[in-house]
Amino acid sequence: MPLIRKKHGSDPAPVLTYICHFRLSAVVIAIAAPVLLLALAGLTYDFAKGTAKKNGVLFSDAESINAASALTSVIFNKTGTVTDGSYRISGVYPVRLSDTQLLYLAAYAEAYSNHPLAKAIKAYAGINIDTARITQHREEKGSGSIVQLGGTTIVTVGNLELMERLGVSGDLVPGASVSAFVAVGRTYVGRIDFEDFTLDGAREAVSKLRREGISNVALITGDNTLSATRVGREVGITEVYADCTPKDKYERVQYIASNQEPDDRLGFIVSSSSDVAAADLADLRIIL
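Cut-offs used in this document
- Residues numbered from 1 in each chain as written.
- Predicted model: local features only at pLDDT ≥ 70, side-chain atom pairs only at ≥ 80, totals over all residues.
- Heavy atoms only, no water.
- Helix = DSSP H or I, 4+ residues; strand = E, 2+ residues; numbered from the N terminus.
- Buried < 20%, exposed > 50% of the residue type's maximum accessible area, 1.4 Å probe, protein only.
- Areas by Shrake-Rupley, 256 points an atom, 1.4 Å probe, with all protein chains shown as cover.
- pLDDT = per-residue confidence, 0-100.
- Contact = heavy atoms within 4.5 Å.
- Phe/Tyr/Trp six-rings, centres within 6.5 Å; stacked < 30°, edge-to-face > 60°.
- Arc of directions from axis to C-beta.
- Pairing = 2+ DSSP bridges.
- Salt bridge = Lys/Arg side-chain N within 4 Å of Asp/Glu carboxyl O.
- Axes fitted to C-alpha atoms, helices over the stretch in contact; angles between N-to-C directions.
- Parallel < 35°, antiparallel > 145°, perpendicular 65-115°, else oblique.
- Nonpolar A, V, L, I, M, F, W, Y, C, P; charged D, E, K, R; others polar.

## As for the overall build of the protein chain
Part 1: The number of helices and strands found in the protein chain is 9 helices and 13 strands.
Part 2: Of all 288 residues assigned to the protein chain, the portion counted as buried reaches 44%.
Part 3: By element, 52% of the accessible surface of the protein chain is carried by carbon and sulfur atoms, the whole surface being about 14,200 Å².

What follows is the structure, encoded as structure tokens:
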């Protein structure tokens, strides 16, 4: 599929500058020999790709430039696009455990995960994980992780949907930011809250899209509604889809894409660490 990639960093502004540039640009070729027109058109695309590349923006092919010039809607997959993608722990709330014990369990549950929340937990816990203690492990994509310790104790870290699906009992109330719940067996033992920060250029990038006529801008994320709405407000996006699993994202983008007008074009912006199948449904995939 058509693709734009930003080589360094996750600031969306340079990529969106080029999208807006190609929406407004036109090339006029005056030529006496029409047979050379096709060759010159190819050179025009090569020149455009070369200019963008000097600024760290890579267009996969001429089709990606055409798609960028025709975009009418853009969806941001939040983490790593309008936020910096590196979560920090903002609160630890154990139930009948100490903070240290809760973080210890959570770190073991996330031992094999590379999710940004898992990385934050392991860094904050600051322990040496003995993987020999883990007899089984399973990652629930987009929801959390489950491990078995010493062949008996099952520890789960994940979102509210995963806890409800596993029948975990307890007072599971999400915080105002991103929350991960921890359970031993089916007993809730605590919550860990996180925050991430919006990128400096994100609000201006969204504003630039709108100034150039891309009025349909949305944000989609697995974060809870409170957290997602806050980030949307900070960057100027009011159309926010929160609490989305990978399946939810796929179905939402599928719905949007299938309800476009014939001349509409949809762009989906993801970070380089994202694995979002929904992006393949868009007319243009943009990787930061």
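## Structural notes on the confidence of the model for the protein chain
Part 1: Scored by pLDDT, the protein chain comes out at a mean of 84, with 78% of its residues at no less than 70.
Part 2: Considering each helix and strand of the protein chain separately, the mean pLDDT is smallest for helix H1 (residues 13-24), with a value of 55, and largest for helix H4 (residues 99-109), with 98.
Part 3: Here residues 24-31 is a poorly scored stretch, pLDDT under 50, and it has 9 contacts once near neighbours within four places are set aside; other chains count.
Part 4: Confidence drops under pLDDT 50 across residues 36-41; counting only partners more than four residues distant or on other chains, this segment forms 6 contacts.

## Structural notes on the packing of aromatic side chains
Part 1: Across all of its chains, the model carries 3 aromatic pairs by this definition.
Part 2: Between Tyr87 and Phe194, the aromatic rings sit 6.4 Å apart at their centres with planes inclined by 80°, giving edge-to-face as the arrangement. On the criterion of sequence distance, the pair formed by Tyr87 in the loop between strand S3 (73-77) and strand S4 (88-94) and Phe194 in strand S9 (residues 187-195) is long-range, its members being 107 residues apart. Each of the two residues, Tyr87 as well as Phe194, counts as buried.

## As for helix H5 (residues 116-125)
Because the α-helix completes a turn every 3.6 residues, residues three or four places apart line up on one side.
Part 1: Burial in H5 covers these residues: Leu117, Ala118, Ala120, Ile121 and Ala125. All buried residues of H5 lie within an arc of 160° about the axis, which places them on one face of the element.
Part 2: In this structure, the buried side of H5 is in contact with S4, H4, strand S7 (153-158), strand S8 (178-184) and S9.

## Notes on the pairing of S9
Part 1: For S9, a buried count of 7 out of 9 residues is recorded, marking the element as mostly surrounded by other parts of the structure.
Part 2: As paired strands, S4 and S9 are joined by 6 bridges and run antiparallel to one another. Bridge pairing links Gly91 to Asp193 in S9.
Part 3: Direction of pairing for S8 relative to S9: antiparallel, over a ladder of 7 bridges. When the bridges of S9 are listed, Val182 appears paired with Gly190.

## What to know about the pattern of salt bridges
Part 1: A complete count under the given rule lists 11 salt bridges for this structure.
Part 2: Between Asp193 and Arg191 there is a salt bridge, and its shortest N-O distance comes to 2.8 Å. In terms of burial, Asp193 and Arg191 fall into one category: buried.
Part 3: A salt bridge links Glu234 to Arg230; its shortest N-O distance comes to 3.1 Å. Placement of the pair is Glu234 and Arg230 together in helix H8 (residues 225-235), with a separation of 4 residues, close to one helical turn.
Part 4: Overall, Glu234 belongs to the partly exposed group, its relative accessible area being 34%.
Part 5: Since its relative accessible area comes to 24%, Arg230 is described here as partly exposed.
Part 6: Residues participating in the shared-partner salt-bridge network are Arg138, Glu140, Glu161 and Arg165.

## Quick notes on unusual backbone geometry
For residues other than glycine, phi is negative in most cases, and the peptide bonds are mostly trans.
Part 1: Unlike most non-glycine residues, Arg96 shows phi in positive territory, near 60°.
Part 2: Structurally, Arg96 is set in the loop between S4 and H4.

## Overview of the packing of helix H7 (residues 202-211) against H8
Part 1: Packing of H7 against H8 brings their axes to within 8 Å, and their N-to-C directions diverge by 70°. As judged from the angle between their axes, H7 and H8 are roughly perpendicular. Contacts between H7 and H8 pair Ala202, Arg203 and Val206 from the former with Arg233, Glu234 and Val235 from the latter.
Part 2: Grouping the amino acids of the contact of H7 with H8 by side-chain chemistry returns 3 nonpolar, no polar and 3 charged.

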